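One letter stands for each residue in the lines below.
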Amino acid sequence: MELKETIRRRRSIRQYTGEPISEEALNQILQAALLAPTSMNRKPCRFYVVKDKDVLKKLADAKKAGGKMLADCEAAIVTVGDSDKADTWIEDCSIAMSFMMLAAVDQGIGSCWVQIYLRKQEDGSDAEDAVREILSLKETDRIAGILALGIPAKEAEPHTEADADMGKVIRIG
Ligand SMILES: Cc1cc2nc3c(=O)[nH]c(=O)nc-3n(C[C@H](O)[C@H](O)[C@H](O)COP(=O)(O)O)c2cc1C
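Keep in mind that this is a model prediction, so the values were computed, not measured. (Residues numbered from 1 in each chain as written. Predicted model: local features only at pLDDT ≥ 70, side-chain atom pairs only at ≥ 80, totals over all residues. Heavy atoms only, no water.)

Chemist: What am I meant to see in the pattern of salt bridges here?
Modeler: Opposite charge on two side chains permits them to pair, given that their charged atoms come into close proximity. Counted under the stated rule, the structure contains 15 salt bridges. Among the ionic pairs, Glu5 bridges to Arg9, the shortest N-O distance being 2.9 Å. With a gap of four residues between them, Glu5 and Arg9 both fall in helix H1 (residues 3-9), about one helical turn apart. Arg9 sits in the partly exposed class, given a relative accessible area of 34%. (Salt bridge = Lys/Arg side-chain N within 4 Å of Asp/Glu carboxyl O. Helix = DSSP H or I, 4+ residues; strand = E, 2+ residues; numbered from the N terminus. Buried < 20%, exposed > 50% of the residue type's maximum accessible area, 1.4 Å probe, protein only.)

Chemist: I'm lost on the site of the ligand in this one. Help?
Modeler: For the ligand, the full set of nearby residues is Arg10, Arg11, Ser12, Arg14, Lys63, Gly66, Met69, Cys112, Trp113, Val114, Gln115 and His159. Lys63 places a polar side-chain atom, nitrogen or oxygen, 2.8 Å from an oxygen atom of the ligand. One of the backbone N or O atoms of Gly66 is found 2.7 Å from a nitrogen atom in the ligand. In the complex, 61% of the free accessible area of the ligand, which totals 620 Å², lies under the protein chains. Considered class by class, the residues forming the shell around the ligand number four nonpolar, four polar and four charged. (Near = heavy atom within 4 Å. Polar contact = N/O pair within 3.5 Å; in protein donor to acceptor, adjacent residues only side chain to side chain. Areas by Shrake-Rupley, 256 points an atom, 1.4 Å probe, with all protein chains shown as cover. Nonpolar A, V, L, I, M, F, W, Y, C, P; charged D, E, K, R; others polar.)

Chemist: Looking at this structure, I do not really get the layout of surface pockets. What am I missing?
Modeler: Here the idea is plain: a probe the size of a water molecule rolls over the atoms and shows the empty space left. As a volume, the largest pocket reaches approximately 270 Å³. Lining of the largest pocket is provided by 16 residues; of these, Arg9, Ile13, Val105, Pro152 and Glu155 occupy positions nearest its centre. Only helix H4 (89-106) and strand S3 (110-114) provide two or more residues apiece to the lining of the largest pocket. The residue makeup of the lining of the largest pocket, split by class, is eight nonpolar, three polar and five charged. (1 Å grid on protein atoms, 1.4 Å probe; cavity = no way out; pocket = protein on both sides within 12 Å on 5 of 7 lines; lining within 4 Å. Points joined across faces, edges and corners; volume = space filled by probe spheres on them.)

Chemist: What am I meant to see in the pairing of strand S4 (residues 141-150) here?
Modeler: Along any regular strand the residues' side chains alternate between the sheet's two faces. Among the ten residues of S4, nine are classified as buried, and the element is accordingly described as predominantly covered. Sheet topology note: the strand S2 (residues 75-82)/S4 ladder contains eight bridges and is antiparallel. Residue Val78 lies in a different strand from S4, and its bridge partner there is Ile146. Two strands pair when backbone bridges link them, and S3 and S4 are joined in this way by five bridges, in the antiparallel orientation. The residue bridging Gly110 from the neighbouring strand is Gly150, located in S4. (Pairing = 2+ DSSP bridges.)

Chemist: What am I meant to see in the packing of aromatic side chains here?
Modeler: Aromatic ring pairs are described here by two measures, namely the spacing of the ring centres and the angle between the planes. Inspection of every chain in the model, using the stated rule, returns one aromatic pair. Each ring, one from Trp89 and one from Tyr117, has its centre 5.3 Å from the other, and the planes form 85 degrees; the classification is edge-to-face. Placement of the pair is Trp89 in helix H4 and Tyr117 in the loop between S3 and helix H5 (127-134), with a sequence separation of 28 residues. Take Trp89: its relative accessible area is 8%, and that puts it in the buried class. (Phe/Tyr/Trp six-rings, centres within 6.5 Å; stacked < 30°, edge-to-face > 60°.)

Here you go:
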């Protein structure tokens, strides 16, 4: 797929058919993350691939709203930044997440970013702490986000050129 088309076709997909994702497709998505640039090439990101339904359900409940699709997705990639390794963990992990979303489109797989960092659980406690506990991570492991993956239940409208608000572009010179 041409890059321009891949970018336009990337939409947040929150409903899935329940069909499995091939290991080959999953590997392509992970390769995109592992080849993404990081500040000073420090590579502080790790990627936890979760397929276990019980763990997916726990992740879905780790924050109050906006993550319930994790219970029904085929796989989730929890993107973890080691803040001991790099102060740019959020940037490095976010770029990796973005690369994975585009690679998923290329593989015919739908994805949706689930925000964890800065969010709360149903009872008001910290969502990041909940995910760290589910995956037995240390305090300095930061949860940049979780990518829910699955075969889209329905076709999402691709973005168009008109959706790109050129009013946000300020030209100097
Ligand atoms: C940093 C970030 C956090 C997001 N968090 C969530 C989330 O927790 N739950 C959710 O359903 N969508 C989440 N999204 C998806 C956005 O809602 C979505 O990208 C936006 O509405 C634009 O729609 P599109 O992705 O289809 O273009 C997030 C996206 C980004 C970039």
